[in-house]
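Here's the letter readout for the chains.
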Amino acid sequence: MPSVFKVSQVIGYIANVIKRETILSNLTIEGEISNFADSGGNLYFQLKDETASLNCVIFRNYQNAEMRHLRNGDCVEATGSITTYAKSSSYQLIIRSVKRSGAGDIYRRYLELKDKLHREGLFDLSIKKELPVFPCRIGIISSLQGAALRDILKVILRRYPMVQIQIHPSLVQGPGAASNLITALDFFEARREVDLIIIGRGGGSFEDLNEFNDEALVRRIHRMSIPIVAAVGHQVDLTLTDLVADLRAATPTEAGELVTRNRDDLVIQLEDLRKKYMTGLRRRLEGEAVQLEYARHELAHYNPQMRLLYMEKDLTSSKRQLNLGIMRRLDAAKLQLTLLKSRLEAQDPNQWFQKGYGLVFSKEGTIKSIEDTQVGDQIQIRLLDGQLSCTVDEKEGRHGD
């Protein structure tokens, strides 16, 4: 029966085998730097070629000024020794010296394509499409097995559960992934059933994400009429898909946040809008009530029936004033008539006749003085009830003349 070993025993045995291999204790490896990171002063990265990758570390005590300026895409010759890392059952190259040999082919092609597309204007901010504020339907292009899809769905359904989601599964890594992604974009473009599309995946190495640098994919995103949100990798990862998309999310989780509005915030905003609308409506109604009251007064003022009533009142008042005027005029006329009558009566001869006076006249006319007659003249005296014919026998003046 074969022996049963503990995991640590197997790992220890492998470590001893590697230590006994002289070539592994001092070898120089050429490759392209990827996933470069500085953690606690130690430099961690991978050396890659077209088909394989090797984890590497440069501890602080081995570092020099040139090592501090290493970056992704650098092609280097690294000298060191292979050791095992028991905790993860992996092996790595502990580097003692590094010689830069140029930019790596993969990263160089990435930079060349990036510069080319930039000159063509595919990354211009002026051509970015605006995302709808309240999307009704959201399309997602990602791997069904990836954590990125779960993160996006979790955020969207928590913040904006009323939205409809259409998922088109796709490869997001390795050969054929770019073609798969283009097919998914074509699907959504042809059907035009979504308001925006999220395309992406979780984090990974530069090579893992390199399908999102595919020129055909980038150009297809550029031609899309539907707004595209890119959520490829993490904040430190930057692909050409991120640059050409209408909006870049640092992570898939952030993509879910960027394309939705928080339902609770919307409820608060709607309540604020309701209060503001009701306040505005109340003020408008109050203003309209004032206008209505003013119009009612105006209508009452210019109403023909009311005007007839006013005119009738004016006519009654004028009639009353006219009657009063007429009565005053009549009273005045009566008074004047009475005065004239008195004056006329005062001039009536009959009044004098009744008092015993008479009217003396001759053929020549009325005799007013004794000088108008001669002794022997025939005169007439008119009295109240008749007339006397007389002869002047004698004249005697008033003063005894």
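This text follows the structure it describes.
Only a predicted model underlies this, so the values are computations on that prediction, with no experimental measurement involved.

The rules behind the values
Residues numbered from 1 in each chain as written. Predicted model: local features only at pLDDT ≥ 70, side-chain atom pairs only at ≥ 80, totals over all residues. Heavy atoms only, no water. Helix = DSSP H or I, 4+ residues; strand = E, 2+ residues; numbered from the N terminus. Rg over C-alpha atoms; globule rule 2.2 N^0.38 Å. Buried < 20%, exposed > 50% of the residue type's maximum accessible area, 1.4 Å probe, protein only. Contact = heavy atoms within 4.5 Å. Salt bridge = Lys/Arg side-chain N within 4 Å of Asp/Glu carboxyl O. Lys, Arg positive; Asp, Glu negative; His and termini not counted. Polar contact = N/O pair within 3.5 Å; in protein donor to acceptor, adjacent residues only side chain to side chain. Pairing = 2+ DSSP bridges. Axes fitted to C-alpha atoms, helices over the stretch in contact; angles between N-to-C directions.

Chemist: Whenever I open this one, the overall build of the protein chain confuses me. Can you help?
Modeler: From N to C terminus, the protein chain includes 11 helices and 14 strands. Relative to its length of 401 residues, the protein chain is extended, with a C-alpha radius of gyration of 64 Å against a globular reference of 21 Å. Over its C-alpha atoms, taken along the principal directions, the protein chain stretches across nearly 210 × 50 × 40 Å. Taken across its 401 residues, the protein chain has 30% of its residues classed as buried. Here the contacts in the protein chain between residues at least 6 apart in sequence split such that 61% fall between residues at least 24 apart.

Chemist: Just to check I follow, could you spell out the pattern of salt bridges for this structure?
Modeler: Any two side chains of opposite charge can pair if their charged atoms end up close together. Applying the stated criterion to the full structure yields 13 salt bridges. One salt bridge in this structure joins Asp74 and Arg71, with 4.0 Å as the shortest N-O distance. The class for Asp74 is buried, based on a relative accessible area of 5%. Arg219 is the salt-bridge partner of Glu120, the closest N and O atoms lying 2.8 Å from each other. Residue Glu120 is located in helix α3 (residues 105-120), and its partner Arg219 is located in helix α6 (residues 215-223); the two are separated by 99 residues in the primary sequence. Judged by relative accessible area, Arg219 falls into the partly exposed class, the value being 23%.

Chemist: Which parts of the structure should I look at to understand the side chain of Arg201?
Modeler: Along the chain, the position of Arg201 falls in strand β8 (residues 196-201). Salt bridges are absent for the buried Arg201, whose nearest opposite-charge side chain, Asp208, sits at 4.9 Å. For Arg201, the side chain forms a polar contact with the main-chain oxygen of Val172, separated by 3.3 Å. Polar side-chain contacts of Arg201 include one of 3.0 Å to the backbone oxygen of Gly203. When neighbours within four sequence positions are excluded, Arg201 is seen to be in contact with Ser142, Ala148, Val172, Gln173, Asp208, Leu209, Phe212, Ala231, Val232, Gly233 and Pro252.

Chemist: Before we go on, may I ask you to explain the pairing of strand β14 (residues 387-391) in this structure?
Modeler: On any regular strand, side chains alternate: one points to one face of the sheet, the next to the other face. Inspection of the sheet shows strand β13 (residues 378-382) paired to β14 by five bridges, in the antiparallel sense. Its bridge partner being in β14, Gln378 is matched across the sheet by Thr391. Where β13 folds back onto β14 in an antiparallel hairpin, the turn is made up of four residues.

Chemist: Whenever I open this one, the sheet that holds strand β9 (residues 228-232) confuses me. Can you help?
Modeler: Picture the strands of a sheet paired through backbone hydrogen bonds; they go either parallel or antiparallel. Spatial ordering of the open sheet is given by β7-β6-β8-β9-β10, a layout of five strands whose pairing is parallel. Sheet topology places β7 (164-169) and β10 (247-248) at the edges, where each strand pairs with a single neighbour. With six bridges joining them, strand β6 (residues 137-142) and β7 adopt parallel strand pairing. Among the inter-strand pairings, Gly139 is bridged to a residue of β7, identified as Gln166. Together, β6, β7, β8 and β9 form the strand contacts of helix α5 (residues 177-191), whose direction differs from that of β6 by roughly 165 degrees.

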